[in-house]
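# Breakdown of the fold
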2 protein chains.
Amino acid sequence: MTAGNGRTATGSGAALGDTVAKVVRQWQTVHPGLDTAPMEIIGRVNRCAALLQQAEDAPLRRAGLTRPEFDVLATLRRTGHELTPSEIVRETFASGAAVTKRLKALTERGLVERRGDTRDRRVAHVRLTDTGRDLVDSVLPEQLSYETAVLSGVEADNRRELAVLLEELLIQLEGRLGVPRA
Amino acid sequence: MTAGNGRTATGSGAALGDTVAKVVRQWQTVHPGLDTAPMEIIGRVNRCAALLQQAEDAPLRRAGLTRPEFDVLATLRRTGHELTPSEIVRETFASGAAVTKRLKALTERGLVERRGDTRDRRVAHVRLTDTGRDLVDSVLPEQLSYETAVLSGVEADNRRELAVLLEELLIQLEGRLGVPRA
DNA sequence: AGCAGGTGTTTTACTCGTGAAATATCTCCT
DNA sequence: AGGAGATATTTCACGAGTAAAACACCTGCT
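Overview of the structure.

Reading guide: rules and limits
- Residues numbered from 1 in each chain as written.
- Chains lettered and ligands numbered in written order.
- Predicted model: local features only at pLDDT ≥ 70, side-chain atom pairs only at ≥ 80, totals over all residues.
- Heavy atoms only, no water.
- Salt bridge = Lys/Arg side-chain N within 4 Å of Asp/Glu carboxyl O.
- Helix = DSSP H or I, 4+ residues; strand = E, 2+ residues; numbered from the N terminus.
- Buried < 20%, exposed > 50% of the residue type's maximum accessible area, 1.4 Å probe, protein only.
- Pairing = 2+ DSSP bridges.
- Contact = heavy atoms within 4.5 Å.
- Buried area = accessible area lost by both parts, 1.4 Å probe.

## Notes on the pattern of salt bridges
- Under the criterion given, the structure shown has 32 salt bridges over all chains.
- Ionic pairing is found between arginine 44 of chain B and glutamate 167 of chain A, a salt bridge with its closest N-O pair at 3.7 Å. Taken as a pair, arginine 44 of chain B in helix α2 (residues 37-62) and glutamate 167 of chain A in helix α7 (residues 156-176) lie in two separate chains rather than in one.
- The class of arginine 44 of chain B is buried, set by a relative accessible area of 0%.
- Its relative accessible area of 5% is what places glutamate 167 of chain A among the buried residues.
- In this structure, the salt-bridge partner of glutamate 174 of chain A is arginine 47 of chain B, at a minimum N-O distance of 3.0 Å. A residue pair is termed interchain when its members come from two chains, as with glutamate 174 of chain A in helix α7 and arginine 47 of chain B in helix α2. Here the two residues glutamate 174 of chain A and arginine 47 of chain B agree in accessibility, since each one is buried.
- Each of the salt bridges in this network shares a partner with another, and the network as a whole consists of Asp18, Glu40 and Arg44 of chain A together with Glu167 of chain B.

## Some thoughts on the pairing of strand β2 (residues 124-128) of chain B
All names here are of chain B.
- Counting buried positions along β2 gives four out of five residues, so the element sits mostly inside the fold.
- By the bridge criterion, five bridges tie strand β1 (residues 112-116) to β2 in an arrangement that is antiparallel. The partner of valine 112 across the bridge, within β2, is leucine 128.

## What about the interface of chain B and chain A?
- Tallying the contact residues gives 70 residues for chain B and 71 residues for chain A.
- Interface area for chain B against chain A, summed over the two sides, is near 6900 Å², with a carbon-plus-sulfur share of 69%.
- In terms of surface lost to chain A, no three residues of chain B exceed Trp27, Ile42 and Arg78 of chain B, which account for 9% of the buried area on that side.
- Applying the counting rule to chain B against chain A returns six salt bridges.

Encoded structure:
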């Protein structure tokens, strides 16, 4: 304990770092030599995601939307055309059951509309109503500027660099796990 | 549409990039000029977290544990001493109700024990049983080497760099949102 | 002493997501 | 034609998390 082996693998010998750095230090005292390197990435990604979600929810809640609901609306908006529920499942990475529920809620609120396919009566086509489109278009800029503010504490060059490195990671992860399409 | 403004802010003018890059391109065609920079970080962090959690669950499930349950056990292990439920709440960033449930489940499985405080009868003290400690000590290395494998697709230097940048981000986020301690 | 208000923990009621089964429809093969 | 098997979507039963209330106990003031 005490301040023994402070700079295990954190790099900057500066202060104490973030929560994950503390956890890593604790592990090093209990299991010295343990390869904790993956924690420094995966632990941080998880923790960042948790904190960001809390933060992000704020502007959306003002619009009466949950993040997954907004994802559905935004997906319809950015693709620019109707989507079937299955396509929404693939785009938003949610389960079919979840999408069904969300579409029901969004339909009841008049933000999306559905129509049956003329050829294949199994499939439905979902599109934004004018209200839904306007909602996305008004919330999205708020959301983005809020996010910009949240990230503003990180040096601009580092933000770019972080985006690039996260892309490299995500490409790997999607290759291994996500998108198992032929 | 088509391949018009491909390299909006992705950096490498290479292929198509990850899922987030695609989303960003879609937004640029619908709302040209929109500042989508935050998505490239926040969107990726969220998506990475989602994919990593699916992946990570695998080795833990083999041990019959969920990730949050393992977090409780690991917290007890790395601190090296008993913790009260409140302390576990603070360490694991879970709600009080969730911790109560998890402790109940872990107690029933004989992985943790509780005792009442002698001075203050409101507080409980939770500690790992021998079985619980052994379980953590056997699962953790598996978990870490699994995670190492998952990350192995990213260049070693980039992994270090990514850890450093995520730490910078997390310090900002924790300063703004988490740890609101005096 | 005795009570007002604070803190630690659990309980309650509810929401939301999930996997698997159910339903409806289509497609292809014979 | 007709049915076996595939596909799109919804329904069902349940597990897990949450916020807020409840509960139990402590502390400090009068």
